[in-house]
Every structure is written in structure tokens, then in C-alpha cells.
Amino acid sequence: MGSKLVISSLFGLVLLALMGSTEAHVELGAYNITCPKAEQIVYEEMTNILQQTPDLAGALLRLHYVDCFVRGCEASILLNSTATNTAEKDAPLNKNVRGYEVIDSIKAKLEVACPGIVSCADIIALTARDSIRLTNGPNIPIGTGRRDGNGSSAADVDRYLPSSSANISSLIAFFANYNLTVKDLVVLSGAHTIGKAHCYSFSDRLYNFSGNGSSDPSLDSTYASTLKQQCVQNDMTTLVELDPETTPAFDLDYYTKVSQMKGLFTSDSALLDNDVSKAYVLAQANATSPTGFYNDFITSFMTMGKVGALTHKKGEIRKTCSALNPFVAQPPAHAPTGSGGVINVVSTLLSASLAAMVFFFQF
């Protein structure tokens with residue numbers, strides 16, 4: 001009985017040690033050893049891509065957002081639909097998401113340099129980070145080490161992702177589900193200082209808003225008239241700037257526009273309907289330097305980038321970002337029997353635990 005109790009206690013300690021050493025997290029420089037040029041490759045590719053197509057900066061930043069808030073930051077947004085499943089990218093709310101070809105291109109370069117090492121989830125995060133940096137925003141020290149998820153469903157998008165017409169109460173509740181605050185909401189909304197939007201994503205504010213043919217009264221009337229000149233009713237193709245009248249740059253101008261009732265989306269204007277978010281909008285609209293906003297954005301962006309991240313042995317590293325890796329059946333394990341077998345199991349677990357702890361404390 002005593003030997004069984006010792007073995008049982010030892011087994012419990014081993015499990016606790018293993019659980020503690022494999023707690024999910026992302027970390028700076030996760031590829032420093034396994035793929036030391038990974039972040040450099042992403043940055044160089046992004047530099048070339050944005051020189052040719054500058055408006056993809058906002059699209060790639062949005063891609064990270066829509067990925068993280070449905071299933072977590074694990075690249076489910078990249079998976080293609082199949083004959084038996086409609087994936088997230090084909091959900092109505094995501095029909096105007098762009099930038100998939102950029103991720104595929106960078107993934108191909110990384111697979112040549114370091115096959116099977118860099119996840120699609122990390123590529124999304126790094127391209128979003130570099131989109132900010134390459135539009136004169138801050139250089140954000142984001143962690144890596146995310147792994148890719150093994151599923152994607154369009155139904156999850158409608159369930160978890162708020163639309164651009166959401167009111168402030170819905171937005172606050174949505175962010176709270178991920179332990180994000182009102183401040184995180186208003187700070188991350190500042191990403192709308194770059195990028196473009198399709199007319200149909202906000203046309204409800206221009207035409208027949210209250211059923212009598214009028215525009216949204218929370219939208220500046222002159223700005224509404226300008227938008228109507230760019231977007232006719234039922235326009236499904238035209239793109240307009242999220243932050244018009246200025247050179248595309250990651251700056252404070254978004255907050256200036258929102259304070260002037262020129263936020264493009266209902267969700268932008270909604271920031272004026274809460275005391276905390278309104279105070280932040282007005283403070284940044286009147287700020288003489290973007291430093292405060294940059295510092296806040298770095299914090300909120302890094303927090304968002306950890307939402308639901310898969311690390312260590314969870315998930316997989318996809319070979320192609322748009323499809324799951326082929327399933328490979330594993331041979332059945334043969335468990336040892338007898339008291340000697342139990343001791344061997346404990347010994348193996350102890351060795352694995354010690355190895356895991358040694359590996360963990362190297363970083």
C-alpha cells in the first residue's frame with residue numbers, strides 16, 4: 001500500500017510539473033533558434049508588398065483582428081471551405097476581408113527557409129505588426145510561438161464577431177468576453193486610421209437610415225454628402241478610405257475625425273456614446289504627439305494577440321495556410337504491465353518532466 005501511495009503521489013507531482021511547464025503562452029523571439037531569419041523575411045516581404053499595394057496595410061491589420069476574435073489567434077480565418085463545411089472566410093461578415101494572398105506568399109518563402117517551423121497564425125500577427133510599422137506607426141515587440149488551429153466555421157463569425165454597425169453596449173460586452181477593457185476597445189479602434197472599406201459595409205448610414213430616406217444623424221452631414229458621391233446605393237465594389245483627407249499613416253487623425261462626427265462606421269461613432277471612450281477620443285484628437293496613443297496601442301495590441309493562442313503541442317504548424325495538414329495515423333501505443341511497468345511509466349514521466357522544465361528555463 002505504501003509503495004502504491006508513493007507512486008500515486010509521485011505521478012501527481014509529475015503531472016503538475018508537466019502542466020506547469022506547458023502553460024500556453026507566446027514569447028519574444030520564439031524562432032530565434034529554429035528559424036532565426038523568420039521575422040526578417042516577413043518584414044522584407046511586407047516592405048515590398050506595401051510599396052506596391054499600400055492599402056493592404058489596413059487589410060492585413062484587420063485580418064489579425066478577425067482571426068483573434070473568432071476561436072483565438074490561430075489562423076482559422078485562413079482555412080478554405082470544403083464540401084462539408086463553410087469556413088470563416090466565407091461568412092457574410094468576412095466577405096470583404098483581404099490579404100490572404102500575402103499570407104500565402106510569405107508562408108511559401110518561410111517554408112523554403114525553415115520547413116514546417118513558422119505557423120500561419122504567427123505570420124498573420126507579424127504582417128499586422130509590420131503593417132503598423134511600415135505606415136509610420138510604432139514597432140511593436142510582439143511574441144511568437146502560436147500554432148495553427150484545426151477548424152473553421154462560418155457560424156462562429158456571426159456568433160462572436162460584432163458588425164461595423166454595433167452600438168457601444170454591444171462592443172463593450174464583446175471586448176469584455178476576452179478580458180479586454182473599454183480602453184482596449186477605443187485604443188484598438190485607432191487602427192482605423194489606415195485602410196479602406198467597401199461602401200456596402202456602411203451604406204446603411206447614408207441611405208434610408210431611419211426609414212424615411214435620411215442619413216444617420218450621428219454622421220456629419222457634409223461628410224455624408226461626400227460619401228454619397230463616392231458610394232451609390234447598392235454599391236458592392238467601391239472602396240473608400242477609413243480615414244480620408246490625409247496621407248495614409250498610422251497617426252491620430254482617426255480620433256480627430258471621430259470627434260468631428262466623421263467616423264465611417266457606426267461602431268466608430270459609438271465611441272462618443274460612452275464616457276471613458278469619448279474622453280479618450282477627445283484627448284487624442286487634441287494631443288500634440290502620438291506617443292501616448294502609440295504606447296497604449298502597443299499594450300492593447302499585444303494583449304489582443306494572445307487571445308486564444310495555441311502554443312506548445314496544441315494545434316499544428318500547417319504546411320499550407322488554407323488547408324489542414326493531412327491526417328497521419330499513429331501506431332497504437334503498448335502500455336507496459338506489472339509493477340515494473342508502472343515504475344517505468346513514472347520514470348519516463350519524470351524524465352519528460354525534467355526535460356520539459358530544463359527546456360522551459362532556457363528562455
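Structure: see above.
Residues numbered from 1 in each chain as written. Predicted model: local features only at pLDDT ≥ 70, side-chain atom pairs only at ≥ 80, totals over all residues. Heavy atoms only, no water.

### Here's the deal with the packing of helix H3 (residues 56-68) against helix H4 (residues 100-113)
Argument step 1. Closest axis-to-axis distance for the H3/H4 pair is 9 Å, and the angle between their directions is 80°. As far as their axial angle goes, H4 and H3 are roughly perpendicular. Contact residues: Leu56, Leu60 and Leu63 in H3; Tyr100, Glu101, Val102 and Ile103 in H4.
Argument step 2. In the contact of H3 with H4, the residues fall into six nonpolar, no polar and one charged. (Axes fitted to C-alpha atoms, helices over the stretch in contact; angles between N-to-C directions. Helix = DSSP H or I, 4+ residues; strand = E, 2+ residues; numbered from the N terminus. Parallel < 35°, antiparallel > 145°, perpendicular 65-115°, else oblique. Contact = heavy atoms within 4.5 Å. Nonpolar A, V, L, I, M, F, W, Y, C, P; charged D, E, K, R; others polar.)

### Examining the environment of serine 164
Argument step 1. Within the element layout of this structure, serine 164 appears in the loop between helix H6 (154-160) and helix H7 (168-176).
Argument step 2. In this structure the C-alpha to C-alpha distance between serine 164 and leucine 93, which are 71 residues apart in sequence, comes to 9.1 Å.
Argument step 3. Beyond its immediate stretch of four places on either side in the chain, serine 164 contacts Ser201, Phe265, Thr266 and Ser267.
Argument step 4. A polar atom in the side chain of serine 164 sits 3.0 Å from the backbone oxygen of serine 201. (Polar contact = N/O pair within 3.5 Å; in protein donor to acceptor, adjacent residues only side chain to side chain.)

### Overview of the state of the cysteines
Argument step 1. Inspection of the entire model under this criterion finds four disulfides.
Argument step 2. One disulfide bridge connects cysteine 120 with cysteine 321, the sulfur atoms lying 2.1 Å from each other. One disulfide, between cysteine 120 and cysteine 321, carries an S-S torsion of -95° and so falls in the left-handed class. With cysteine 120 in helix H5 (residues 120-133) and cysteine 321 in the loop between helix H13 (291-304) and helix H14 (338-360), the pair connects residues that are 201 residues apart, well separated along the chain.
Argument step 3. The class of cysteine 321 is buried, set by a relative accessible area of 1%.
Argument step 4. There is a disulfide in this structure between cysteine 199 and cysteine 231, and the S-S distance comes to 1.9 Å. (Disulfide = S-S within 2.5 Å. Buried < 20%, exposed > 50% of the residue type's maximum accessible area, 1.4 Å probe, protein only.)

### Examining the side chain of glutamate 88
Argument step 1. Within the secondary structure, glutamate 88 is located in the loop between H3 and H4.
Argument step 2. Setting aside chain neighbours within four positions, we find glutamate 88 in contact with Val66, Val70, Arg71, Ser76, Ile77, Asn94, Ser152, Ser153, Ala154 and Val157.

### Some thoughts on the side chain of threonine 127
Argument step 1. If you trace the backbone, threonine 127 turns up in helix H5.
Argument step 2. For threonine 127, a relative accessible area of 0% gives the class buried.

### Topic: unusual backbone geometry
Argument step 1. The backbone phi angle of asparagine 234 is positive, close to 65°, even though this residue is not glycine.
Argument step 2. Within the secondary structure, asparagine 234 sits in the loop between helix H9 (221-230) and strand S2 (239-241).
Argument step 3. By relative accessible area, asparagine 234 is classed as exposed at 71%.
Argument step 4. Of note, the phi angle at methionine 261 is positive, near 65°, even though the residue is not glycine.
Argument step 5. Considering the arrangement of structural elements, one finds methionine 261 in the loop between helix H10 (253-259) and helix H11 (266-269).

### Description of H7
Argument step 1. Among the residues of H7, Ile168, Leu171, Phe174 and Phe175 are the ones counted as buried. On an axial view of H7, the arc spanned by its buried residues comes to 125°, and they lie on one face.
Argument step 2. Buried-residue contacts for H7 involve H3, H6, helix H8 (182-189), H11 and helix H12 (275-285).
Argument step 3. Where H7 begins, the capping side chain belongs to asparagine 167, and its oxygen is found 3.2 Å from the backbone nitrogen of serine 169. (Arc of directions from axis to C-beta.)

### Details of the pattern of salt bridges
Argument step 1. Across all of its chains, the model carries 14 salt bridges by this definition.
Argument step 2. Put simply, glutamate 39 and arginine 129 hold a salt bridge, and the shortest N to O gap is 2.9 Å. Pair noted here: glutamate 39 is in helix H2 (residues 38-52) and arginine 129 is in helix H5, with a separation of 90 residues, a long-range link.
Argument step 3. Looking at arginine 129, the relative accessible area reads 6%, which means it is buried.
Argument step 4. Aspartate 156 is paired through a salt bridge with arginine 71; the nearest N and O atoms lie 3.2 Å apart. Of this pair, aspartate 156 sits in helix H6 while arginine 71 sits in the loop between H3 and H4, and the two are 85 residues apart along the sequence.
Argument step 5. Judged by its relative accessible area of 11%, aspartate 156 falls in the buried class. (Salt bridge = Lys/Arg side-chain N within 4 Å of Asp/Glu carboxyl O.)

Function cannot be read off these values alone, since they describe shape.
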